[in-house]
Amino acid sequence: RCAPVADQDWARVGQEVPARHFGGALWVVPGEAADPAPGAVVVRLDAGLGFGTGAHPTTALCLRWLAAHPPVDADVIDWGCGSGILAVAAARLAARRVWALDIDPQALTATHDNAQRNQVAGRIDVRAPDALPDSPRADLVIANILAPVLVALAPRLLAALRQGGALLLSG
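Just so you know, these numbers come straight off a predicted model, no measurement behind them. (Residues numbered from 1 in each chain as written. Predicted model: local features only at pLDDT ≥ 70, side-chain atom pairs only at ≥ 80, totals over all residues. Heavy atoms only, no water.)

Undergrad: For this particular structure, what's the right way to read the overall build of the protein chain?
TA: From N to C terminus, the protein chain includes 5 helices and 8 strands. Ordered by position in the sequence, the α and β elements of the protein chain form the string α-β-β-β-α-β-α-β-α-β-β-α-β. Its C-alpha radius of gyration of 16 Å places the protein chain within 12% of the 16 Å reference for a compact globule of 171 residues. Overall, the C-alpha framework of the protein chain stretches about 55 × 40 × 25 Å when taken along its three principal axes. Within the span of the protein chain, comprising 171 residues, buried residues form 46% of the whole. Look at the contacts in the protein chain between residues 6 or more apart in sequence, and 61% of them connect residues 24 or more apart. With the model as given, the accessible surface of the protein chain reaches about 8700 Å², and the carbon-plus-sulfur share is 56%. Of the charged side chains in the protein chain, 14 are positive and 16 negative, and the gap between their average positions amounts to 5 Å. (Helix = DSSP H or I, 4+ residues; strand = E, 2+ residues; numbered from the N terminus. Rg over C-alpha atoms; globule rule 2.2 N^0.38 Å. Buried < 20%, exposed > 50% of the residue type's maximum accessible area, 1.4 Å probe, protein only. Contact = heavy atoms within 4.5 Å. Areas by Shrake-Rupley, 256 points an atom, 1.4 Å probe, with all protein chains shown as cover. Lys, Arg positive; Asp, Glu negative; His and termini not counted. Charge placed at Lys NZ, Arg CZ, Asp CG, Glu CD.)

Undergrad: Would you take a moment to explain the environment of Ser170 for this structure?
TA: Note on placement: Ser170 falls in strand 8 (residues 161–170). Separated by 38 residues in the primary sequence, Ser170 and Leu132 place their C-alpha atoms 21 Å from one another. With residues up to four places along the chain from it excluded, the contact list for Ser170 reads Thr58, Cys62, Ala143, Asn144, Ile145 and Leu150. At 3.5 Å, the side chain of Ser170 forms a polar contact with the backbone oxygen of Thr58. (Polar contact = N/O pair within 3.5 Å; in protein donor to acceptor, adjacent residues only side chain to side chain.)

As structure tokens, then:
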């Protein structure tokens, strides 16, 4: 059986952000939503055309890990930042500095906008991966991207990680 469906902005509909709790104090909510709980660490998100609302299981797993292991005073790299959800969450959980990297210009725009929306833009450096300085060594490298890309990037991801640091891979 077929029925007509009203035309709408399907890209935006697929990126709607429901309020979700990921453990500890960490919540992701639509940009205009009220704080969901007293003392919540809130990520206000408008995904735009970048990947990542917290609804996908791989993103949710990364957010749960961050909630359980807050990167307090850590340097973090979010490789394949999409909407910026993981980079912003790391910054809201007290990371010292975050490099948010993506090859998609729309993802870089979404990440920049979400960093501003969450008042952490001063701690998030948004750029293409090729623009990453040779010197950063992160305490935590996050890459929530497809497995074949993770395999191809493995040498670069490991080179960006400080000795004793954590590597969070999902995808």
